[in-house]
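Single-letter residue listing:
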Amino acid sequence: GGNKSHGYLFPGVATHDNLKAFAWVRDNSGANTHQVGTRLPNELELYDMAGNVSEWCSDWADSYSASPVNNPTGPATGVIRIVRGGCYSSGAGWCQSASRFFSYPDNWSRKNGFRVVASR
């Protein structure tokens, strides 16, 4: 979340009570994906950081105990990638900032997507 983040449990969302206003999850999605940006933006003015589709990360899966505490990126190579954010069929627990799950890179699912990011 950077310097503007308030350290919320969900990506830029304060509580489970208002998660549905910011994310398409099991309780409000109708078991389908939705157009990006149709829920409220989070505290950093980003859309769909939780729910709708889970996001592939460039990180290879590893134990947290083997990674640095700040900005863990996992090992340089691996077999399984990290996926975060929860999706339209996820309960709130899978949408928490700390939640992650794993998937093989060649495992296609309509529940997974990615976000293009540019660094400055």
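This report concerns the structure included in the present document. Fair warning: this is a prediction, and the values are worked out from it, not measured in the lab.

**Section: unusual backbone geometry**
Excluding glycine, residues mostly carry a negative phi; peptide bonds, for their part, are mostly trans.
Part 1: You will see that Asp-48, though not glycine, has its phi angle at about 55°, which is positive.
Part 2: Structurally, the position occupied by Asp-48 is in the loop between α1 (19-22) and β1 (54-60).
Part 3: Its relative accessible area of 6% is what places Asp-48 among the buried residues.
Part 4: Positioned with a positive phi, Asn-52 is a non-glycine residue whose angle comes to about 65°.
Part 5: Relative to the elements of secondary structure, Asn-52 occurs in the loop between α1 and β1.
Part 6: Take Asn-52: its relative accessible area is 4%, and that puts it in the buried class.

**A word on the nonpolar core**
Part 1: Residues Phe-10, Leu-19, Ala-23, Val-25, Ala-50, Ala-92 and Cys-95 constitute the largest nonpolar core, which totals 7 residues.
Part 2: Not counting residues within four places of it along the chain, the set of residues in contact with Ala-23 comprises Asn-28, Arg-39, Ala-50 and Gly-51.

**Here we look at the packing of aromatic side chains**
Part 1: Scanning all chains against the criterion turns up 1 aromatic pair.
Part 2: We note Arg-39 situated over the ring of Trp-24; from NZ or CZ to the ring centre the distance is 4.1 Å.
Part 3: Positioned above the aromatic ring of Trp-60, the side-chain terminus of Arg-81 is 3.6 Å from the ring centre.

**What to know about the side chain of Asn-112**
Part 1: Within the secondary structure, Asn-112 is located in strand β4 (residues 112-113).
Part 2: By relative accessible area, which is 16% here, Asn-112 ends up buried.

**Quick word on the environment of Pro-41**
Part 1: By the secondary structure assignment, Pro-41 is in the loop between α1 and β1.
Part 2: Those residues in contact with Pro-41 that sit more than four places away from it in its chain are Phe-22, Leu-46 and Tyr-47.

**A look at the environment of Gly-7**
Part 1: With respect to the element layout, Gly-7 can be found in the segment before α1.
Part 2: Considered as a pair, Gly-7 and Ser-97 are 90 residues apart in the sequence and their alpha carbons are 9.2 Å apart.

**Examining the pairing of β1**
Part 1: Bridging between β1 and β4 involves 2 bridges; their strand directions are parallel. In the sheet register, Ser-54 faces β4, and the bridge partner there is Asn-112.
Part 2: Alignment of β1 against strand β2 (residues 81-84), held across 3 bridges, turns out to be antiparallel. The partner of Trp-56 across the bridge, within β2, is Val-83.

**Structural notes on the environment of Val-79**
Part 1: With respect to the helices and strands, the residue Val-79 is situated in the loop between β1 and β2.
Part 2: For Val-79, a relative accessible area of 57% corresponds to the exposed category.
Part 3: A sequence separation of 48 residues divides Val-79 from Ala-31, and the C-alpha atoms of the two residues are 29 Å apart.
Part 4: Once you skip the residues sitting within four places of it in the chain, Val-79 turns out to touch Trp-60, Tyr-104 and Pro-105.

Basis of the calculations
Positions within a chain are numbered from 1, following the residues in the order the chain's sequence is written. Per-residue local features are limited, in this predicted model, to residues with pLDDT of at least 70; the limit for side-chain atom pairs, both in listing and counting, is 80 or more; totals at the level of whole chains, interfaces and linings are taken over all residues. Side-chain descriptors were evaluated using all non-hydrogen atoms of the structure, hydrogens and water having been removed beforehand. Working definition: helices are DSSP H or I runs of at least four residues, strands are E runs of at least two. Numbering for both runs from the N terminus. A simple rule labels every residue: compare its accessible area, found with a 1.4 Å probe on the protein chains alone, to the largest value its type can have, and call it buried under 20%, exposed over 50%, or partly exposed in between. The set of buried Ala, Val, Leu, Ile, Met, Phe, Trp, Tyr and Cys residues whose side-chain atoms join them within 4.5 Å is what this entry labels a nonpolar core. It only takes one pair of heavy atoms within 4.5 Å for two residues to be counted as in contact. For Phe, Tyr and Trp, rings pair up if their centres lie within 6.5 Å, where Trp contributes its six-membered ring, and each pair is then called stacked (planes under 30 degrees apart), edge-to-face (over 60) or tilted (otherwise). For a lysine, the NZ atom is tested; for an arginine, the CZ atom; a charge sits over a ring if that atom is within 6 Å of the ring centre and within 35 degrees of the ring normal. A pair of strands counts as paired when DSSP detects no fewer than two bridges linking them.

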